[in-house]
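# Notes for the structure review
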Amino acid sequence: MKRKLVFRFGFDWEKEDRYLNDMSAKGFDLARWWFPGIYLFESGEPGYWTYRSGVLPRDKQQYLALMADAGDETVGTFVNGTATFRKRTADGPFEIYSDTESRLAFFQNWRKRYFIIAMTVVLWVPLDVMGSRDLTLLELLPLLLVQLAIVAFLGVQTTRLNKRIRALEAERLVAE
């Protein structure tokens, strides 16, 4: 059995799902993943699996049992409350967020997570610096640049989520 270890860092769940499904089409089945972005693939039958990722609800055990009852296999869960599932492609279409409301809730959940992470990063440097000796601007600059880069990255991700949320809200209005 051929194995392939891939390092791929991404924050866009739809792109990650497309990537996993493209790998499946090439005959590489996801065996395990580690956050962030380390995937272990094993050779298999091309296109055998369809993959979907999602956020677990508070009662994750019941949700995982429900997914298993529906014939969906849990590839992995992570401490941040996300999971990757797969289902045999021959069993038909596989969607976790099949309606507008669930997709909207999914993206709103991630937007809230990004905001919490950004606020943690924004507060981290000042709180860390206050507890240490007096730092010069030159000593503080690298920390501030890292902080700025992280917040900018999360801002870009949040902007993308906002576009998706607006589109789904418009879709919901049209459906009503």
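Structure: above.
Below is a summary of the structure that appears in this document.

## Structural notes on the overall build of the chain
- Regarding its fold elements, the chain presents four helices and six strands.
- For the chain, the α and β elements follow one another from N to C terminus as β-α-β-β-β-α-β-β-α-α.
- For the chain, the spread of C-alpha atoms along the principal axes amounts to about 65 × 50 × 30 Å.
- By residue count, 35% of the 176 residues in the chain fall in the buried class.
- For the chain, the accessible surface area stands at approximately 11,000 Å², while carbon and sulfur atoms represent 61% of it.

## Some remarks on the sheet that holds strand β6 (residues 82-88)
- Taken in spatial order, the three strands make up an open sheet running β4-β6-β5, and their pairing is antiparallel. Each of the sheet's edge strands pairs with one partner strand only, and the pair in question is β4 (49-55) and β5 (73-77). Adjacent strand axes in the sheet meet at a mean angle of 25°, parallel and antiparallel pairs treated alike.
- Where β5 meets β6, four bridges bridge the pair, whose relative direction is antiparallel. When the bridges of β6 are listed, Thr77 appears paired with Ala83.
- Helix α1 (residues 13-25) contacts β4 and β6 of the sheet and is inclined by roughly 160° relative to β4.

## Considering the pattern of salt bridges
- All chains considered together, the criterion is met by nine salt bridges.
- Of the charged contacts, one joins Glu16 and Arg8 as a salt bridge, the two residues approaching to 3.2 Å between their closest N and O atoms.
- On the accessibility criterion, Arg8 (28% relative accessible area) is partly exposed.
- A salt bridge links Glu73 to Arg86, with the shortest nitrogen-to-oxygen separation between them at 2.8 Å. A residue pair is termed long-range when its members are at least 10 positions apart, and Glu73 in strand β5 and Arg86 in strand β6 qualify at 13 residues.

## Observations concerning the sheet that holds strand β3 (residues 38-43)
- Taken together, the three strands give an open sheet; going across it, the order is β1-β3-β2, and neighbouring strands pair in antiparallel fashion. The open sheet terminates on both sides in strands that have one partner only, identified here as β1 (3-7) and β2 (28-34). Sheet twist, expressed as the average angle between the axes of neighbouring strands with direction ignored, equals 25°.
- Across six bridges, the pairing between β2 and β3 is antiparallel. In the sheet register, Trp34 faces β3, and the bridge partner there is Ile38.
- Where α1 meets the sheet, its contacts fall on β1, β2 and β3, and the angle it forms with β3 comes to roughly 20°.

Rules used throughout
Residues numbered from 1 in each chain as written. Predicted model: local features only at pLDDT ≥ 70, side-chain atom pairs only at ≥ 80, totals over all residues. Heavy atoms only, no water. Helix = DSSP H or I, 4+ residues; strand = E, 2+ residues; numbered from the N terminus. Buried < 20%, exposed > 50% of the residue type's maximum accessible area, 1.4 Å probe, protein only. Areas by Shrake-Rupley, 256 points an atom, 1.4 Å probe, with all protein chains shown as cover. Pairing = 2+ DSSP bridges. Axes fitted to C-alpha atoms, helices over the stretch in contact; angles between N-to-C directions. Contact = heavy atoms within 4.5 Å. Salt bridge = Lys/Arg side-chain N within 4 Å of Asp/Glu carboxyl O.

Shape is all these values report; function is a separate question.
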